[in-house]
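Observations on chain architecture
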Amino acid sequence: MSLDGRKVLLIVTGGIAAYKSLELVRLLRKSGCGVTAVMTAAAAQFVTPLALQALTENKVYSDLFSLNDESEMGHIQLSRAADLIVVAPATANTLAKMAAGLADDLASTLLLATDKPVLVAPAMNVRMWLHPASVQNMAVLAARGVAVAGPDDGVMACNEFGPGRLAEPAAIFAAIAALLTPQPRPLAGRHVLVTSGPTHEPIDPVRYIANRSSGRQGHAIAAALAALGARVTLVSGPVALPDPAGVQTMHVETAAEMLAACVAALPADVGVFAAAVADWRVDNAGSQKLKKSPGGAPPQLALTQNPDILATIAAAGPQRPRLVVGFAAETHDVRRYAAEKRQRKGCDWIIANDVSPGTGIMGGAENEVLLVSADGIEAWPRLGKDEVARRLAARIATTFTP
Ligand code: CTP
């Protein structure tokens, strides 16, 4: 992989994994990529500036004030001269500073001043990585479009096991190469509508009917379509996920709100309906909290059917997207129900999966799907939900290439 002529500004922050940044520099230099390194004060406890200087064949920067005093390259210029900024390893502290927008040393000042894409490779103790503060910081950075490589699972320097190990230099290099290589944008100029997550149907002001959908698959599809250049409108039910970067996300609660948001988002070239819409809502939802009386009968909830969003949009006449993709979550007879659903709902493709409790698919990280179309049934292997999303986005793109 040649990255000839490309330039990376590598920020090395303090942590036992900092030594791996030397191998990363070696891989980058071998590919023809220019590297300028910046170290935090803590990083200098783990690797020497001299080692980084020898491998990058460039001056190593670490002190904000000497940078100004020497009237050398200013920090703005330093960050603007690069095609990509890479923070590897990125400590919990550095990630928190990035999320908060702090600028108290050269590394954090560069990260705040840059207008270039940023890739972080986190490395920290598993408890630190799983701490709600770090989880929230990563969500903030992801929503801002910061790319992430790793961390890996494994045994750490502190002898604990879990996620937090710095990704291998080869994997970080691959992520850098992907960001520096112009990606094809076959869906540029297309508008795609995606639904995701569950819906919440109120019983009264404090209770609702819901389902176990996490929204992971729908959100991953929205992100994968945006990565191929599409303008994506994501209509999401209540989920605990950050809005995907580069996607216009509309937040709704109920099926009725989801339908209204979808109709308002038309026209679209493609509709992907991944939401687990509640089939029923409570007809007589209380405007006040339902109270139980001692020995009294439980409330009788009268259910009424929700509008079918997929079927409504698939029958929208001239407003119908050219390609309508539905999902079928089944616990048995998947092929039969999926084929029936495709006909009944008037969609072009059905992505069907078996969501029986034993599969771990509902709410899990993986999915095993069938693509059901007029041409037949295609079985995809069990894949991560991100990979299913990338494949589906790529398949959608092929229908728009002449
Ligand atoms: N769907 C929808 N609106 C609804 C119900 C479902 O848009 N009110 C969409 C889902 O987003 C999915 C597809 O229809 O793309 C199938 O959802 P599923 O829950 O599997 O089907 P149901 O319509 O609920 O059919 P059944 O009860 O027979 O399983």
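Since this is a predicted model, take the numbers as computed values, not measurements. Every chain begins its residue count from 1, and numbering advances along the sequence as written. Whole-chain, interface and lining totals are the exception, using all residues; otherwise, since this is a predicted model, local features are given only for residues with pLDDT of at least 70 and side-chain atom pairs are given and counted only at 80 or more.

Another point: the nonpolar core. Note on terminology: a nonpolar core is any set of buried Ala, Val, Leu, Ile, Met, Phe, Trp, Tyr and Cys residues joined through C-beta atoms within 7 Å. Working definition of burial: number of other C-beta atoms within 10 Å of the residue's own, with buried at 20 or more, exposed at 12 or fewer, and partly exposed in between, all C-beta atoms being placed from the backbone. Val 194, Ile 221 and Leu 225 are the most contacted members of the largest nonpolar core, which totals 58 residues. Secondary structure elements are taken from DSSP: a helix is a run of H or I of four residues or more, a strand is a run of E of two residues or more, and numbering for both begins at the N terminus. Top element by residues in this core is helix H10 (residues 216–227). It accounts for 7 residues. Setting aside residues no more than four positions away along its own chain, Val 194 makes contact with Gly 218, Ile 221, Ala 222, Leu 225, Val 232, Leu 234, Val 272 and Ala 274. We call two residues in contact when the distance between their C-beta atoms, placed using the backbone, is within 7 Å.

So, on to the sheet that holds strand E19 (residues 369–373). With mixed pairing, the 8 strands of this open sheet are ordered in space as E12-E11-E8-E13-E16-E17-E19-E20. Since the sheet does not close on itself, it has two edges, and those belong to strand E12 (248–251) and strand E20 (376–379), each with one partner. Geometrically, the sheet is characterised by an average inter-axis angle of 15 degrees between neighbouring strands, direction not taken into account. The pairing criterion for strands is at least two bridges between them, as found by DSSP. Note: strand E8 (residues 191–196) against strand E13 (residues 270–273), 4 bridges, orientation parallel. Counted as the bridge partner of Val 192 is Val 270 from E13. Helix-sheet contacts for helix H13 (residues 334–345) involve strand E16 (323–330), strand E17 (349–354), E19 and E20, and the interaxial angle to E16 is about 145 degrees. Every axis in this analysis is a line fitted to C-alpha atoms, fitted for helices over the stretch in contact. Angles between the N-to-C directions lie between 0 and 180 degrees.

By domain assignment, the protein separates into domain 1 (7–180) and domain 2 (191–398). How far each domain reaches was decided by an automatic or database domain assignment. A straight line from the C-alpha centre of domain 1 to that of domain 2 covers 38 Å. Between domain 1 and domain 2, the residue contacts involve 4 residues of the former and 4 residues of the latter. All residues other than Ala, Val, Leu, Ile, Met, Phe, Trp, Tyr, Cys, Pro, Asp, Glu, Lys and Arg, Gly among them, are scored as polar; the first ten of these are nonpolar and the last four charged. Grouping the constituent residues of the side of domain 1 that touches domain 2 by class yields 3 nonpolar, 1 polar and no charged.

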